[in-house]
Amino acid sequence: MLNILVLGSGGREHALSWKISQSSIHRKLYIAPGNPGTAQHGENVNISINDFKKIKDFIINNDIDICVVGPEAPLVNGIHDYLKNDKRLDKLTVIGPKKEGAQLEGSKDFSKKFMKRHGIPTARYKSFTASELNDGFKYLEKTEPPYVLKADGLAGGKGVLIINDLQEAKDELKSMLKDAKFGDASSRVVVEEFLSGIEVSVFAITDGKNFKILPEAKDYKRIGEGDTGLNTGGMGAVSPVPFANELFMEKVKDRIIKPTVRGLYDENIAYQGFIFFGLISVKGDPYVIEYNVRMGDPETEVVMLRLKSDLLDLFDGIASNTLSEKDIVLDPRSAATIMMVSGGYPESFQKSKEIKGIDKVKDSIVFHAGTKVNKTLQTNGGRVLAVSAYGKDPLDAVKRALSDVKKISYSKMYYRKDIGFDL
Ligand code: AMP
Ligand code: GLY
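This section reports on the structure supplied with the text. (Residues numbered from 1 in each chain as written. Chains lettered and ligands numbered in written order. Predicted model: local features only at pLDDT ≥ 70, side-chain atom pairs only at ≥ 80, totals over all residues. Heavy atoms only, no water.)

**Some details on the sheet that holds strand 6 (residues 125–129)**
Now for step 1: Pairing within the open sheet is antiparallel, and its four strands lie in the order 6-9-7-8. The sheet terminates laterally at strand 6 and strand 8 (160–163), the two strands that pair on one side only. If you compare each strand with its neighbour and ignore which way they point, the axes differ by 20° on average.
Now for step 2: Taken together, the four bridges between strand 7 (residues 147–151) and strand 9 (residues 188–192) define a ladder with antiparallel strand orientation. Looking across to strand 9, one finds that Ala151 is bridged to Val189.
Now for step 3: Along the sheet, helix 8 (residues 166–177) contacts strand 6, strand 7, strand 8 and strand 9; its crossing angle with strand 7, the most-contacted strand, is approximately 10°. (Pairing = 2+ DSSP bridges. Helix = DSSP H or I, 4+ residues; strand = E, 2+ residues; numbered from the N terminus. Axes fitted to C-alpha atoms, helices over the stretch in contact; angles between N-to-C directions. Contact = heavy atoms within 4.5 Å.)

**A word on the site of ligand 1**
Now for step 1: Lining the immediate environment of ligand 1, one finds 14 residues, of which Glu192, Glu193, Leu195, Glu199 and Glu290 sit closest.
Now for step 2: In this structure, a nitrogen atom belonging to ligand 1 sits 2.7 Å away from a side-chain N or O atom of Glu192.
Now for step 3: Between ligand 1 and the protein, one listed contact pairs an oxygen atom with a side-chain N or O atom of Lys221 at 3.3 Å.
Now for step 4: Alone, ligand 1 offers 470 Å² of accessible surface; in the complex the protein occludes 88% of this.
Now for step 5: Residue assignment for the shell around ligand 1 shows that the elements contributing at least two residues are strand 7, strand 8 and strand 17 (285–292). (Near = heavy atom within 4 Å. Polar contact = N/O pair within 3.5 Å; in protein donor to acceptor, adjacent residues only side chain to side chain. Areas by Shrake-Rupley, 256 points an atom, 1.4 Å probe, with all protein chains shown as cover.)

**Brief notes about the site of ligand 2**
Now for step 1: Neighbouring residues of ligand 2: Asp219, Gly233, Phe276, Arg294, Gly296, Asp297, Pro298 and Glu299.
Now for step 2: Separating a nitrogen atom of ligand 2 from a side-chain N or O atom of Asp219 is a distance of 2.6 Å.
Now for step 3: Within the side chain of Arg294, one N or O atom sits 3.0 Å away from an oxygen atom of ligand 2.
Now for step 4: For ligand 2, whose free accessible area comes to 200 Å², the fraction covered by protein is 88%.

**Some details on the packing of helix 1 (residues 11–21) against helix 10 (residues 299–306)**
Between two packed helices, what matters for the description is the angle formed by their axes and the separation of those axes.
Now for step 1: Running from N to C, helix 1 and helix 10 cross one another at 15°; their axes reach a closest spacing of 8 Å. Regarding the angle of helix 1 to helix 10, the classification is roughly parallel. At the point where helix 1 passes helix 10, the crossing takes the left-handed sense. In this structure, helix 1 uses Gly11, Arg12, Ala15, Leu16, Trp18 and Lys19 to contact helix 10, whose residues at the interface are Thr300, Glu301, Met304 and Leu305.
Now for step 2: For the contact of helix 1 with helix 10, the per-class residue count stands at five nonpolar, two polar and three charged. (Parallel < 35°, antiparallel > 145°, perpendicular 65-115°, else oblique. Left-handed = near helix turned anticlockwise from the far one by under 90°. Nonpolar A, V, L, I, M, F, W, Y, C, P; charged D, E, K, R; others polar.)

**Quick word on the packing of helix 7 (residues 133–142) against helix 8**
Now for step 1: Two numbers describe how helix 7 lies on helix 8: the axes approach to 10 Å, and their chain directions differ by 155°. With respect to each other, helix 7 and helix 8 are oriented roughly antiparallel. Helix 8 is crossed by helix 7, and the crossing has right-handed handedness. Facing helix 7, whose interface residues are Leu133, Gly136, Phe137, Leu140 and Glu141, helix 8 presents Leu166, Ala169, Lys170, Leu173, Lys174 and Leu177.
Now for step 2: Within the contact of helix 7 with helix 8, the residues separate by chemical class into seven nonpolar, one polar and three charged.

Right under this line is the structure:
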């Protein structure tokens, strides 16, 4: 029987907690800091994900066996290393890589070099620092538009620019490198070839040597219907993704997942946890757009619905070196999630609007992304609720989720009605 601590407070962490709480080997589940949704499945503890010292003390005092790190920032900042450097935590298993492995997400330059070393298909690129600005201009002049500029470091999902005009691309490159447009994150910029195709998110769980592939998902990142307008954290997701058929997934496994895990192993980069492959299919061939070192949000909300296997048993497989013996069993149904957001998101929006009607939802699972209790349940973020449903196919699942979305209300709510429109 295992004691678990989940770090984070979004829809992803609610979905992980929902799944972990169903495990036959879970004793106690804590979430730091959690949200009113996670509180339905475990005990929220009021500790920030950035307060490594308090997290460590909590783990020691509460006999935690497994710490699941939800978001990327603590991983990139070395929480795994920090915890495991303490001898009292010898038996702790952290789900999420150490600082070195977390560079797959924390540095685009690192991940591009890694892919190059291991022959993993990705867009051609060059990277530049401020002193190499003129080389960057020359590289842009030789490249066909659209131009893809990526801040090297973490920029909260905002560090990628796709630009059609050469002069504008040069100006942006300059502002990233010389005027710190994305702060430290853009002190180095990756300029890469534009790939045209359809995107899909693929997830694996690994102990650093073996891996298991989880259900794939497609997320819808733009705020507006028809994939228009500003980028968000994600407005909805579906799983499975029809074009990611058996043939495509075989290519993903052989060309991308295997060489990635093997590459980490060969380079002595111990890696435990999830790898999120942000892929693009170019005429049926998968290319890596980005790695993330955690699960996606809102992808987790559909992946957890489709995963029948005991998630904690998979984590335990990492802890006890038996991951290779575990089976991934999937629910035959499809899943969809619709993200209900605050009007104005991803720009400025208001919080503290009372949320009504969740009790009327019978068929969907309502994961909390940004809520709080202040006498009543209220909105507390841009993304508020991820209404998630099963269906006989992805679009049927979307339809069922949408019919439950309509039972929920709060002032200035917004959601996309066209999730899955392109399938
Ligand atoms: P990222 O933050 O790396 O996921 O990039 C954000 C989005 O930009 C991706 O989801 C893609 O839609 C797009 N993108 C990134 N790199 C490329 C590329 N090389 N070619 C085409 N689109 C890209
Ligand atoms: N939904 C995309 C992400 O979690 O990065």
